[in-house]
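# Secondary and tertiary structure notes
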Amino acid sequence: MKAEVFLSDDYRPADDEPFMNERQLEYFRRKLVNWKAELQDENRHTIEGLQDGTRNIPDITDRASEETDRALELRTRDRQRKLVTKIDAALRRIEEGEYGYCEKTGEPISLKRLDARPIATMTLEAQERHERREKVHRDD
């Protein structure tokens with residue numbers, strides 16, 4: 001079992017320290033774990049709301065509006081479920097020592113990008129190339 005890494009509340013990864021050192025890895029691990037907990041908490045609230053919100057609304061317009069709201073909420077939760085899967089994958093990469101490196105080029109992903117999107121798997125340049133290729137090869 002690894003020793004716990006101390007991080008102050010105001011710690012932010014910096015370019016002048018070794019890339020993906022223990023403190024940086026712990027910073028991103030905590031960020032991912034907290035994000036996952038928030039998403040799961042929102043999911044619980046949605047499920048409770050859907051269970052409590054089942055009611056018979058006589059007005060057809062009000063019923064349609066409520067069904068639309070529910071469909072939107074479920075779509076949002078489905079996106080968040082997929083996000084939790086990506087968070088789990090990022091946590092696995094931290095454990096395996098692969099976190100912070102581009103899956104296409106092997107280069108380090110910038111700390112600013114990882115701070116903004118801790119589930120990133122590619123450098124910004126590799127992501128842009130990937131999206132351009134995707135756009136060109138997409139069937140319209």
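Residues numbered from 1 in each chain as written. Predicted model: local features only at pLDDT ≥ 70, side-chain atom pairs only at ≥ 80, totals over all residues. Heavy atoms only, no water.

## Regarding the overall build of the protein chain
Going by this rule: Strands are runs of DSSP state E lasting at least 2 residues, helices are runs of H or I lasting at least 4, and numbering of each runs from the N terminus. Based on C-alpha atoms, the radius of gyration is set beside the globule rule, defined as 2.2 Å times the residue count to the power 0.38. A 1.4 Å probe rolled over the protein chains alone gives each residue an accessible area, and that area as a share of the maximum for its type sets the label: buried under 20%, exposed over 50%, partly exposed in between. For accessible areas, the Shrake-Rupley method is used with a probe of radius 1.4 Å. Any residue's cover is judged against the shown protein chains and nothing else. For this count, His and the chain ends are skipped, Lys and Arg are scored as positive, and Asp and Glu as negative. A charge is said to be at NZ when it belongs to Lys, at CZ for Arg, at CG for Asp and at CD for Glu.
Helix and strand counts for the protein chain stand at four helices and zero strands. Going from the N terminus to the C terminus, the protein chain shows its helices and strands as α-α-α-α. For the protein chain, the C-alpha radius of gyration of 20 Å lies well beyond 14 Å, the compact-globule estimate for 140 residues. Its C-alpha atoms give the protein chain principal-axis dimensions of roughly 65 × 45 × 25 Å. Counting the 140 residues in the protein chain, one finds 29% classified as buried. In the form shown here, the protein chain has an accessible surface area of approximately 10,400 Å², with 49% of it arising from carbon and sulfur atoms. Side-chain charges in the protein chain split into 28 positive and 33 negative, and the spacing between the mean points of these groups amounts to 3 Å.

## Structural notes on the confidence of the model for the protein chain
Test applied: By definition, pLDDT measures how confident the predictor is in each residue, and it falls between 0 and 100.
For the protein chain, the average pLDDT comes to 89, and 91% of its residues sit at 70 or higher. Model confidence for the protein chain, summarised as mean pLDDT per element, is weakest for helix H1 (residues 22-52) at 89 and strongest for helix H3 (residues 111-116) at 97.

## Quick word on the packing of aromatic side chains
Worth spelling out the cut-off: Classification of ring pairs rests on two measures: the distance between centres of Phe, Tyr or Trp rings, Trp counted by its six-membered ring, which must be within 6.5 Å, and the angle between planes, read as stacked under 30 degrees, edge-to-face over 60 and tilted in between.
Applying the stated rule across the entire model yields four aromatic pairs. Ring centres of Phe19 and Tyr101 lie 5.1 Å apart, and the angle between their planes is 80°; this geometry places the pair in the edge-to-face category. One end of the pair, Phe19, is in the segment before H1; the other, Tyr101, is in the loop between helix H2 (60-96) and H3, and 82 residues separate them in sequence. Between the aromatic rings of Phe28 and Tyr99, the centroid separation amounts to 5.5 Å while the plane-to-plane angle is 45°, which identifies the pairing as tilted. Taken as a pair, Phe28 in helix H1 and Tyr99 in the loop between H2 and H3 lie far apart in primary sequence, 71 residues in all. By relative accessible area, which is 1% here, Tyr99 ends up buried. Through successive ring pairs, a cluster of aromatic residues spans Tyr11, Tyr27, Phe28 and Tyr99.

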